[in-house]
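Understanding the architecture of this molecule
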Amino acid sequence: MFLNYIKRFFLNKTLKKQLSNVKVETLDTPIFKVGLIIDESLFFETAALKNVMISKGIAENNINIIAYRDIVKSKEVYDVPTFGLKDLNFNSEFTKQPILDFLNEEFDLLINYYIDEKPFLLLLTHRTKAKFKVGFSVVDKRLNHLMINIDLMNYNGFIQELFRYLKILNKI
């Protein structure tokens, strides 16, 4: 318990330092590769969200999903790579291989599907190699290029709005 407090303190300190110099990227190519960061502590419809994206024309093998949970049970098997606070060391570096693979992947579009500003999720979003980042309007404005104001449970509406704006911006 106390070690988690110290870990979160260092994480907040690192995050504050790194968010002070966020670089702006532009998307000049069409969207093929999509990354999806989901907070499964609050949202449990990951498969349905993925199916809606597939129905919009994104190929299933071009969607890479990673999920965060407050409590990750070691004996439970999850459908998507799942991580928690224990997968971060005291230097605010990720230690689990699926997270490192996700960070090394270059995405045309990164969807940050979470509304709680958990430092772990913010740091993961910041460190990804994504050209265009989309998320909810209640999350830190420095992280996302496009922010959508909609309820977390309305994933259908979120994807509808996302693709509407991507069409307007000539990204799809």
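This report concerns the structure included in the present document. Here, residues in each chain are numbered from 1, in the same order as that chain's written sequence. At least 70 in pLDDT is required for a residue's local features to be given in this predicted model, at least 80 for side-chain atom pairs to be given and counted, and no such filter applies to totals for whole chains, interfaces and linings, which use all residues. Side-chain numbers here rest on the full set of heavy atoms in the structure, without hydrogens or water.

Points about the pairing of strand β1 (residues 34-39)
- Judged by how many residues are buried, β1 sits mostly within the fold: six of six residues are covered.
- Only protein chains enter the accessibility calculation, which uses a 1.4 Å probe. A residue is then buried if its area is under 20% of the maximum for its type, exposed if over 50%, and partly exposed in between. Numbering of helices and strands runs from the N terminus, with a helix taken as a DSSP run of H or I at least four residues long and a strand as a DSSP run of E at least two residues long. A two-sided burial pattern is seen for β1, the buried positions comprising V34, L36 and I38 on one face and G35, I37 and D39 on the other.
- Two strands are counted as paired when DSSP detects at least two bridges linking them. Of the strand pairs in this sheet, β1 and strand β2 (residues 63-68) are connected by six bridges, and their pairing is parallel. The residue of β2 that forms the bridge with D39 is Y68.
- You can see the chain leave β1, run along helix α2 (residues 46-55) and come back into β2, and the turn it takes is right-handed.
- As paired strands, β1 and strand β5 (residues 109-113) are joined by five bridges and run parallel to one another. The residue bridging L36 from the neighbouring strand is I111, located in β5. By the criterion used throughout, a crossover qualifies as right-handed when its path from the first strand across the helix to the second strand runs clockwise, the strands pointing away from the viewer.

Focus on the packing of aromatic side chains
- Paired rings are identified among Phe, Tyr and Trp, the last through its six-membered ring, by centres lying within 6.5 Å, and are further divided according to the angle between planes into stacked (under 30 degrees), edge-to-face (over 60) and tilted (the rest). Per the stated rule, a full pass over the model turns up 10 aromatic pairs.
- Between F102 and F107, the ring centres sit 4.9 Å apart and the planes meet at 45°, which makes this aromatic pair tilted.
- For F102, a relative accessible area of 1% gives the class buried.
- The buried category is assigned to F107, whose relative accessible area is 0%.
- Pairwise contacts between aromatic rings join F43, Y113, F136, Y155 and F158 into one cluster.
- The ring of Y165 is capped by R164, whose NZ or CZ atom sits 4.9 Å from the centre of that ring. As a reminder, the over-ring test applies to NZ of lysine and CZ of arginine, requiring each to be within 6 Å of the ring centre and within 35 degrees of the ring normal.

With respect to the packing of α2 against helix α5 (residues 155-168)
- Only C-alpha atoms enter the line fits that serve as axes; for helices the fit covers just the stretch in contact. Angles between N-to-C directions range over 0 to 180 degrees. The geometry of α2 relative to α5 is characterised by a closest axis approach of 10 Å and an angle of 30° between their N-to-C directions. On the basis of their axis angle, the class for α2 and α5 is roughly parallel. For the pair α2 and α5, the crossing hand works out as right-handed. Of the residues in α5, those touching α2 at A48, L49, V52 and M53 are Y155, N156 and I159.
- In this classification, the charged set is Asp, Glu, Lys and Arg, the nonpolar set is Ala, Val, Leu, Ile, Met, Phe, Trp, Tyr, Cys and Pro, and all remaining amino acids, among them Gly, are polar. In terms of residue class, the contact of α2 with α5 is built from six nonpolar, one polar and no charged. Should an angle fall under 35 degrees it is called roughly parallel, over 145 degrees roughly antiparallel, and 65 to 115 degrees roughly perpendicular, with every other angle called oblique. Two helices cross in a left-handed way if the nearer one is turned anticlockwise from the farther one by less than a right angle. They cross in a right-handed way if the turn is clockwise. Two residues form a contact once any of their heavy atoms are found within 4.5 Å.

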